[in-house]
Structures are given as structure tokens and as C-alpha cells.
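For reference, the chains in residue letters:
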Amino acid sequence: MSKIEDFLTAEAEQEIVNAIREAEKNTSGEIRVHIEDSTKLDVFERAKAVFHMLKMDNTKEQNGVLIYVAVSDRTFVIYGDEGINNVVESDFWDTTRDAILAEFKKGDFKQGLINGILKAGKALEVHFPWQHGDINELPNNISKG
């Protein structure tokens, strides 16, 4: 088994997908999780590349949020599109990172991701509330590389 397959159980993955659905229920924003073993690039640059690869920069309101995890490197990045970056408080991404990191340090990767997803969802809900006619622009599944 690879580190990616060991990182989350199938049940944990489903709980994370459910958290994404819950977080997106009251917002037009989009949240994705991408997990890969490692990156040779700067982790922020890799997250940015994955963001574009997943077409998260194509959302109507530029309100996509990616949680990128490089398992073997033991690192992650939360990458938000321009629309969300322009409206959240300056420390928002730091507090979201801390919510994830607190659980990761305990080895509870599932709960860390869920906490980050729900926190991002609350901010998206405030700044990009769901309106009649909004559609889910991106899949909710966890992508892997």
C-alpha cells in the first residue's frame, strides 16, 4: 500500500466527502481536498498547480478552496481563490490551518480535514451565501495524485 492509501480509510474518505457536502450546502463556494504522496516543488506552488489542474479557478465567483496534503512530506496548504481571499479576515487561513494542524498532530487526519472543511465552509457561507439557481460547480470527491 502507498502512503496515500494508508492516509485515510474508505470510511474516513466518505466522512470527509460528507463534510464537503455539508460545508457547501449553504454557499456557492467550492471546497476540494487533494492528497498525494509527495512533491518536488515548493508545497505552495504545488497546491497552486493542483488548484488549476482541478479547474478550481473556473468557478463563477472565484470562491474555490483547496486543501492540499503531501503525505510523505508531512505538510499541507490551504489555497483559496481570489474571490474568497479578498473578503476573509487577514488571519483566516492561519486559523483554518491551525484547526487542521491541531488534529494532524494527534494523528487524526480525518478530523483535521473535516475541521478545516467546515471552517472554510462557514466563511464561504458568510461571504458567498447560496442563492436560488446556484449549482455545484465541482465534484466533492477527494482527488489523489
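Residues numbered from 1 in each chain as written. Predicted model: local features only at pLDDT ≥ 70, side-chain atom pairs only at ≥ 80, totals over all residues. Heavy atoms only, no water.

**Here we look at the sheet that holds strand E3 (residues 75–80)**
Then step 1. Within the open sheet, the four strands sit side by side as E3-E2-E1-E4. Their pairing is mixed. Sheet topology places E3 and strand E4 (142–144) at the edges, where each strand pairs with a single neighbour. Neighbour-to-neighbour, the strand axes of this sheet turn through a mean angle of 20°, independent of strand direction.
Then step 2. Direction of pairing for strand E1 (residues 30–36) relative to strand E2 (residues 64–70): parallel, over a ladder of seven bridges. What sits directly across from valine 33, in E2, is isoleucine 67.
Then step 3. Contacts from helix H2 (residues 10–24) reach E1 and E4, with the element oriented near 155° to E1.
Then step 4. Where helix H3 (residues 43–53) meets the sheet, it contacts E1, E2 and E3, and its direction lies at approximately 130° from that of E2. (Pairing = 2+ DSSP bridges. Helix = DSSP H or I, 4+ residues; strand = E, 2+ residues; numbered from the N terminus. Axes fitted to C-alpha atoms, helices over the stretch in contact; angles between N-to-C directions. Contact = heavy atoms within 4.5 Å.)

**Details of the packing of aromatic side chains**
Then step 1. Under the counting rule described, the total for this entry stands at seven aromatic pairs.
Then step 2. Between the aromatic rings of phenylalanine 104 and phenylalanine 109, the centroid separation amounts to 5.1 Å while the plane-to-plane angle is 75°, which identifies the pairing as edge-to-face.
Then step 3. A residue is classified by how much of its surface remains accessible, and phenylalanine 109, at 28% relative accessible area, is partly exposed.
Then step 4. Of the aromatic side chains, those joined through ring pairs into one cluster are Phe7, Phe76, Phe104 and Phe109. (Phe/Tyr/Trp six-rings, centres within 6.5 Å; stacked < 30°, edge-to-face > 60°. Buried < 20%, exposed > 50% of the residue type's maximum accessible area, 1.4 Å probe, protein only.)

Purely geometric stuff here, so don't read any function into it on its own.
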